[in-house]
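Geometric and topological summary
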Amino acid sequence: YPPWPGKIVSPPKDLKKPRGKKCFFVKFFGTEDHAWIKVEQLKPYHPHKEEMIKINKGKRFQQAVDAVEEYLKKAKGKDQVRIFTNLCSCFYLASSMEPITKRLKIIEEDTGSTSIQAADSTAINGSITPTDKRIGFLGLGLMGSGVVSNLLKMGHVVTVWNRTAEKVQSKCDLFIQEGARLGRTPAEVVSMCDITFSCVSDPKAARDLVLGPSGVLQGIRPGKCYVEMSTVDPETTIELAQVITSRGGRFLEAPVSGSQQLSNDGMLVIVAAGDRSVYEDCSSCFQAMGKTSFFIGEAGNAARMMLILNMVQGSFMATIAEGLTLAQATGQSQQTFLDILCQGQMASTFVDQKCQNILQGNFKPDYYLKHIQKDLRLAISMGDSVNHPTPMAAAANEVYKRAKALDQSDNDMSAVYRAYIH
């Protein structure tokens, strides 16, 4: 690998230092990537600067070097500067840790779940090592399109298909220009590919995709892998797992937590369950599409976990909308409410973005309102199946149903706000 600019930072408390030789935790300039680097790979920056620039002519490297020089100007020469030989140039800086977006780490938890932090080398050469397996992807909606784009960017061979081709023709054309292939039916995609992912809107769509005419099941042969990324109920997941494996196929569920923007950025959180070997085979794909992934056991578990996560998120969004409208009704500034909220313990990118959308009247979908209401409905049903009360989710669900009645289904989930003002 070529040298690359970076600075030594303090690792997060929950990230253990690798055993063996002494190393430092580094953030790379020009990226948001971090890695542990052995101390023997460090060299002084200025004595090696010209040598490294001669070796690396790439635009990204030069931009990173420019960032180094800009950083030095601001630091006024106070910081000790080092270079990672054959990896990156680095400034020694005792500073607070910046957010980790992509890192290589596997964690075995007491619960038996496994977390694979996205392992990529974008800090080095802007790419990961893609699997040599042929990848299929069914469903090019808000989430699926971003996933496919990142799979292609990272060098995967991808064949795509979508139920409503006319709605995404421009996306298909763009993906084809980027090297994707176009499948005529789900069965054809599965028969052409080693691993096929699907990401559709709801349980009915997921079932139809597998069991319908020219569906996935018709293309399944022994050894073929099918990965269900849709957020559905556990019963649907288990049914699909059974029919896929009955044909000799291998099944994994891998619903994602995130939004269209996070999908586009390759920053989804993937929650997987089912065939562990498929999870491992999907490693480079998960690295391309997400910042981290979790494997949590047998098929059905990921569906359960994702419904719980989305239940909490949907209920929280409805509460935020309720707070904003109550502030307005009592003569308080909604912007001041948001400013105070974002300085407290509940501060988050999610809160800030959704509230800003509401205040600006911008409800362009990042996560469809109809989908979060579907997730709430499924979570409530799941609670009923185990005799567990979900009164908060039930209340939020009614608010979203009212928003749907006000024709907000295809707007962003933050449009639940409109249920309070009509």
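Preceding this section is the structure that the text describes.
Notes on the structure follow. (Residues numbered from 1 in each chain as written. Predicted model: local features only at pLDDT ≥ 70, side-chain atom pairs only at ≥ 80, totals over all residues. Heavy atoms only, no water.)

1. Details of helix α16 (residues 369–385)
Quick reminder: α-helices carry 3.6 residues per turn. Residues three or four places apart thus point the same way. Defined as follows: Going along the chain from the N terminus, every DSSP run of H or I of four or more residues is numbered as a helix, and every run of E of two or more is numbered as a strand. The length a helix should cover is 1.5 Å for every residue beyond the first. Remark: exposure states derive from per-residue accessible area (1.4 Å probe, protein chains only) relative to the maximum for the residue type, with buried under 20%, exposed over 50%, and partly exposed in between. Residue contacts are defined here by distance: any two heavy atoms, one from each residue, within 4.5 Å place the two residues in contact.
With 17 residues, α16 extends 25 Å between its outermost C-alpha atoms, agreeing within 8% with the 24 Å of an ideal straight helix rising 1.5 Å per residue. Burial analysis of α16 places 12 of its 17 residues in the buried class, which makes it a mostly covered element. The secondary structure elements touched by the buried residues of α16 are α7 (203–211), α9 (234–246), α13 (301–329) and α17 (391–405). Phi turns positive one or two residues past the end of α16, at Asn387, with a value near 55°.

2. A word on the side chain of Asp233
The line we're drawing: His residues and chain termini do not enter the charge count, which takes Lys and Arg as positive and Asp and Glu as negative. The term salt bridge refers to a side-chain nitrogen of Lys or Arg lying within 4 Å of a carboxyl oxygen of Asp or Glu.
When you line up the elements, Asp233 lands in the loop between β13 (225–228) and α9. Although Asp233 is buried, it forms no salt bridge, and the closest oppositely charged side chain is Arg207 at an N-O distance of 4.4 Å. Beyond its immediate chain neighbours, meaning those up to four positions away, Asp233 contacts Pro203, Arg207, Ala303, Leu307 and Leu378.

3. Looking at the packing of aromatic side chains
The description of an aromatic ring pair rests on the distance of the ring centres and on the angle between the ring planes. What counts, and what does not: A pair of Phe, Tyr and Trp rings is counted when the ring centres sit within 6.5 Å of each other, with Trp represented by its six-membered ring. The angle between the planes then sorts it: under 30 degrees is stacked, over 60 is edge-to-face, the rest tilted.
According to the stated counting rule, one finds 6 aromatic pairs in the structure shown. Look at Phe137 and Phe197: their rings are 6.2 Å apart centre to centre, the planes differ by 20°, and that puts the pair in the stacked class. Remark: Phe197 occurs in strand β12 (residues 195–198) and Phe137 occurs in strand β9 (residues 135–138); sequence separation between them is 60 residues. Ring centres of Tyr279 and Phe295 lie 5.2 Å apart, and the angle between their planes is 40°; this geometry places the pair in the tilted category. Here Tyr279 is found in helix α11 (residues 276–281), whereas its partner Phe295 is found in strand β17 (residues 290–295), with 16 residues between them in sequence. Assigned by exposure class, Tyr279 and Phe295 land together as buried. Here the aromatic cluster, defined as three or more aromatic residues joined through ring pairs, consists of Phe137, Phe197, Tyr279, Phe286 and Phe295.

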